[in-house]
Amino acid sequence: MIFETAVFYFFAAVLLVAALRVITARNPVHAALYLVLAFFTASAIWLLLRAEFLAITLVVVYVGAVMVLFLFVVMMLDINLERLREGFWSYLPLGATVGILMAFEMALMIGGRYFGFTEVRLKEPAAGYSNTKVLGRLIYTDYAFAFEIAAVILLVAI
């Protein structure tokens, strides 16, 4: 096993534990802090995939803005947790079905490499290659109209 694979499995394990703690933590503030940990480890996985722009965007947007706002709202509100948990058991069959389906899909994608279904190889980028430059070029040329529509929708939302 190469070092990069070991680091990926470490971050994946931390991400899974943090994601499980987000949904099992009884305190909403602790759940939000576990979500911050999940975002940071997902960002580290993006870095392993050589997508630096997406990694820093995840940290800046979600950890820097959304989670601070979420923590502010959670800490300022008086949340009645007993009322929120009343309908939990009625949604459990649907949630378990979706969870089992997602686990099956992840096992198929991870195990598919070993059983010959998929072949995943990362190529080394050429010298001087910048995925941020390529992403910017695509957004402002091929997807310029969609980018402008998204900007107008965000402006209207403000």
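Coordinates for the structure precede this section.
Residues numbered from 1 in each chain as written. Predicted model: local features only at pLDDT ≥ 70, side-chain atom pairs only at ≥ 80, totals over all residues. Heavy atoms only, no water.

The tally for this structure, following the rule as stated, stands at one salt bridge. Glu4 is paired through a salt bridge with Arg50; the nearest N and O atoms lie 3.9 Å apart. With Glu4 in helix α1 (residues 3-24) and Arg50 in the loop between α2 (28-48) and α3 (52-76), this pair connects stretches of sequence that are 46 residues apart. Owing to a relative accessible area of 25%, Arg50 belongs among the partly exposed residues under this scheme. (Salt bridge = Lys/Arg side-chain N within 4 Å of Asp/Glu carboxyl O. Helix = DSSP H or I, 4+ residues; strand = E, 2+ residues; numbered from the N terminus. Buried < 20%, exposed > 50% of the residue type's maximum accessible area, 1.4 Å probe, protein only.)

With that settled, the discussion passes to a nonpolar patch on the surface. On the surface, a nonpolar cluster with roughly 830 Å² of combined accessible area is contributed by Trp46, Leu49, Phe53, Leu54, Ile56, Val60, Val61, Tyr62, Val66 and Leu135. The greatest single-element share of the nonpolar patch, amounting to seven residues, is contributed by α3. (Patch = residues over 30% accessible without salt bridge, like charges linked within 9 Å, V, L, I, M, F, W, Y side chains within 5 Å. Areas by Shrake-Rupley, 256 points an atom, 1.4 Å probe, with all protein chains shown as cover.)

Its location among the elements puts Leu16 in helix α1. Placed 22 residues apart in sequence, Leu16 and Ala38 show a C-alpha to C-alpha distance of 7.9 Å.

Attention now goes to the packing of α1 against α2. Packing of α1 against α2 leaves a shortest axis separation of 8 Å and a crossing angle of 160 degrees. Relative to α2, the element α1 is oriented roughly antiparallel. By crossing handedness, the relation of α1 to α2 is classed as left-handed. Within the contact between the two elements, α1 uses Glu4, Val7, Phe8, Phe11, Ala12, Val14, Leu15, Ala18, Arg21 and Val22 and α2 uses Ala31, Tyr34, Leu35, Leu37, Ala38, Thr41, Ala42, Ala44, Ile45 and Leu48. Residue classes in the contact of α1 with α2 are distributed as 17 nonpolar, one polar and two charged. (Axes fitted to C-alpha atoms, helices over the stretch in contact; angles between N-to-C directions. Parallel < 35°, antiparallel > 145°, perpendicular 65-115°, else oblique. Left-handed = near helix turned anticlockwise from the far one by under 90°. Contact = heavy atoms within 4.5 Å. Nonpolar A, V, L, I, M, F, W, Y, C, P; charged D, E, K, R; others polar.)

This brings us to the side chain of Thr41. Take Thr41: it is sitting in helix α2. By relative accessible area, Thr41 is classed as buried at 5%. Look past the residues within four positions of Thr41 in its chain and what remains in contact with it is Phe11, Val14 and Leu15.

It is worth spelling out the nonpolar core at this point. Within the largest apolar cluster, ten residues are counted, these being Val29, Ala32, Val36, Phe39, Ala42, Leu58, Val63, Met67, Leu71 and Val74. When contributions to this core are tallied by element, the ones reaching two or more residues are α2 and α3. When residues no more than four places from it in sequence are discounted, the contact partners of Ala42 are Leu15 and Leu58. (Core = buried A, V, L, I, M, F, W, Y, C linked by side-chain atoms within 4.5 Å.)

Once that is clear, we can look at α2. Along its 21 residues, α2 runs 30 Å from first to last C-alpha, staying within 8% of the 30 Å computed at 1.5 Å per residue. Taken together, the buried positions of α2 are Val29, Ala31, Ala32, Val36, Ala38, Phe39, Thr41, Ala42, Ser43, Ala44, Ile45 and Leu48. Directly after α2, the chain includes Arg50, whose backbone phi takes a positive value near 65 degrees. (Expected span 1.5 Å × (residues − 1).)

Next up on the list: the packing of α2 against α3. One can describe the packing of α2 onto α3 by two numbers: an axis separation of 9 Å at closest approach and a directional angle of 175 degrees. As the angle between them shows, α2 and α3 are arranged roughly antiparallel. Its residues placed into classes, the contact of α2 with α3 shows 23 nonpolar, one polar and one charged.

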